[in-house]
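# Structural overview
What follows is each chain in one-letter form.
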Amino acid sequence: MSLITPLIATEVTPIAPGFRALSITVQAAAISDPEVGARALDSSFAAMARGDAPWAEAHLSAWADVFRKFGAKPQRTPCSAEALRKRVARDGSLPSIDPIVDLYNAISIEYAIPVGGENLVAYQGIPRLVVADGSELFDTVKGGETAHESPEPGEVVWRDDKGVTCRRWNWRQGVRTRLSVESSKMWFILESLPEMPLEALHEAGEKLVAGIRQMMPGALIEQVLIGEQG
């Protein structure tokens, strides 16, 4: 298994000074406990209600500021962690989607951190975070059908050699690389700003890894910290 170290374009750095992330690569194995994700979700709702992440408000506010810098409107298209936590605050819970998706959504809710999960088998080339020129293609769903659109020029996106895999940094994931528990190779990216303590970022990563190992004990997992180290 090759460890995935994503590339961060130099033009992204001024938009989010101090950005750092954990990149976690997984060679999946047989599922022994498919309920890990659902239990993690329930635990995350309780952690959010208790206010276990004292950095949450500042961290999500910092992400909103980053979104504004590249022209997004965070009130309408918030970062993924804020969107999830708003749904939990409104509804008290989230419906289960898929064991592995439930697990990484739980980490995002509990730690107030955007977490992306991708099917590496569908990837072409290395993931990279870039500023879009507006010509790239992004596959999404409209009216129940797969559709294609392009990001706005200047928008920060994740992409591979074929096209955009996630719009507005971490707002909406594409269809092509969507992850499920059936994926044989997985890539996770936990994205933080300085308003979240570095030790909390590592704790979130450790909790995700522990959940994966519990779900599929034979999984091979590697991780690397990218961005600023302090």
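Conventions used here
- Residues numbered from 1 in each chain as written.
- Predicted model: local features only at pLDDT ≥ 70, side-chain atom pairs only at ≥ 80, totals over all residues.
- Heavy atoms only, no water.
- Buried < 20%, exposed > 50% of the residue type's maximum accessible area, 1.4 Å probe, protein only.
- Helix = DSSP H or I, 4+ residues; strand = E, 2+ residues; numbered from the N terminus.
- UniProt positions renumbered as here; feature names shortened; annotations may be inferred.
- Expected span 1.5 Å × (residues − 1).
- Contact = heavy atoms within 4.5 Å.
- Salt bridge = Lys/Arg side-chain N within 4 Å of Asp/Glu carboxyl O.
- Pairing = 2+ DSSP bridges.
- Axes fitted to C-alpha atoms, helices over the stretch in contact; angles between N-to-C directions.
- Phe/Tyr/Trp six-rings, centres within 6.5 Å; stacked < 30°, edge-to-face > 60°.
- Lys NZ or Arg CZ within 6 Å of the ring centre and 35° of its normal.

## Structural notes on unusual backbone geometry
Peptide bonds are trans in most cases, and residues, glycine excluded, mostly fall at negative phi. Despite not being glycine, Ala112 has its phi angle at roughly 50°, a positive value. Residue Ala112 is classed as buried on the basis of its relative accessible area of 0%. Of note in the backbone geometry, Arg168 takes a positive phi value of approximately 45° without being a glycine. Among the secondary structure elements, Arg168 is positioned in the loop between strand 8 (164-167) and strand 9 (172-173). Judged by its relative accessible area of 15%, Arg168 falls in the buried class.

## Notes on the UniProt feature "domain: B3/B4 tRNA-binding" (unreviewed entry) in the protein
With numbering aligned to this structure, UniProt lists the feature "domain: B3/B4 tRNA-binding" (unreviewed entry) at residues 61-217. Overall, residues 61-217 shows 33% helix and 24% strand. The separation of its end C-alpha atoms is 37 Å.

## As for helix 1 (residues 36-50)
Taking 1.5 Å as the rise per residue, helix 1 with 15 residues should run 21 Å; its terminal C-alpha atoms sit 21 Å apart, in good agreement. Looking only at helix 1, the buried set comprises Val36, Gly37, Ala40, Leu41, Ser44, Phe45, Ala47 and Met48. Elements in contact with the buried residues of helix 1: helix 3 (80-91), helix 4 (99-111) and helix 5 (198-215). Residue Gly51 follows helix 1 closely and has a positive phi angle near 75°.

## Regarding the pattern of salt bridges
When the charged atoms of two side chains lie near each other, side chains of opposite charge can form a pair. All told, the structure shown has 10 salt bridges when counted by the stated rule. Where Asp52 meets Arg50, a salt bridge forms, and the shortest distance between an N and an O atom there is 2.7 Å. You can call Asp52 partly exposed: its relative accessible area is 36%. Ionic contacts of the salt-bridge type, sharing partners, join the residues Glu149, Glu155 and Arg167 into one network.

## Digging into the sheet that holds strand 3 (residues 115-119)
Taking strand neighbours across the sheet as the criterion, the 4 strands line up as 3-10-2-11 in an open arrangement whose pairing is antiparallel. Bordering the open sheet on either side are strand 3 and strand 11 (220-227), each of which pairs with just one other strand. Recorded for the sheet is a direction-independent mean angle of 15° between the axes of neighbouring strands. Two strands pair when backbone bridges link them, and strand 2 (residues 20-27) and strand 10 (residues 185-192) are joined in this way by 8 bridges, in the antiparallel orientation.

## Side note on the packing of aromatic side chains
Between two aromatic rings, the relevant description is the distance of the centres plus the angle of the planes. Applying the stated criterion across every chain yields a total of 9 aromatic pairs. A centroid spacing of 6.2 Å and a plane angle of 75° characterise the contact between Tyr123 and Trp187, whose relative ring orientation is edge-to-face. Of the two residues, Tyr123 is situated in the loop between strand 3 and strand 4 (128-131) and Trp187 in strand 10; the sequence distance between them amounts to 64 residues. This pair shows no difference in class: Tyr123 is buried, exactly as Trp187 is. Through a chain of ring-to-ring contacts, the aromatic side chains of Phe19, Trp63, Phe67, Phe70 and Trp169 assemble into a single cluster. Above the face of the Trp171 ring, Arg168 is positioned so that its terminal group lies 4.6 Å from the ring centre.

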